[in-house]
Amino acid sequence: MAQAAHHGPFAFAEHLLNIDGRPHPVENRYAIATLLVGAVAAIFSIWNDMHLISSWAGLVGIALGARAQMISVTTAQRFLAVLGLGAAGLGLYLGLAHGGPFGGVLG
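Computed from a prediction, not measured in an experiment: that's the story for all the values here. (Residues numbered from 1 in each chain as written. Predicted model: local features only at pLDDT ≥ 70, side-chain atom pairs only at ≥ 80, totals over all residues. Heavy atoms only, no water.)

(A) Geometry of a nonpolar patch on the surface. Nonpolar side chains collect at one region of the surface, where V40, I43, I46, W47, M50, L52, I53, W56, L59 and F102 lie side by side and expose about 930 Å² of accessible area between them. Those elements giving two or more residues to the nonpolar patch turn out to be α2 (25-44) and α3 (51-71). Of all the elements, α3 adds the most residues to the nonpolar patch, at four residues. When you line up the elements, W47 lands in the loop between α2 and α3. By relative accessible area, W47 is classed as partly exposed at 47%. (Patch = residues over 30% accessible without salt bridge, like charges linked within 9 Å, V, L, I, M, F, W, Y side chains within 5 Å. Areas by Shrake-Rupley, 256 points an atom, 1.4 Å probe, with all protein chains shown as cover. Salt bridge = Lys/Arg side-chain N within 4 Å of Asp/Glu carboxyl O. Helix = DSSP H or I, 4+ residues; strand = E, 2+ residues; numbered from the N terminus. Buried < 20%, exposed > 50% of the residue type's maximum accessible area, 1.4 Å probe, protein only.)

Dropping the structure here:
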């Protein structure tokens, strides 16, 4: 009987990120998470009233991206991590400009 193939939500992306032919599930998930959180930060930075989400997502995205850069194995993982870091940085800086992560409560 044939074994069932694992088809997770990121199975196609993980196949593209494993360019060396070996599986790297933790590194792939860090790179994908960095890209997704960075995209959230960048998208929410468009609106002035969403500075809390943009700032916190930017902070989390930068932390995830730093970890993704340290543990990445392939160039594709580094590419996604750098894109996510750029988006997270943009979201963080625009979120800070619009009111910051605390919404003016602390200053």
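(B) Region of the structure containing the pattern of salt bridges. Enumeration over the complete set of coordinates arrives at one salt bridge. Residues R22 and D20 are paired through a salt bridge, measuring 3.3 Å at the closest nitrogen-oxygen approach. Among the residues examined, D20 registers a relative accessible area of 33% and is labelled partly exposed.

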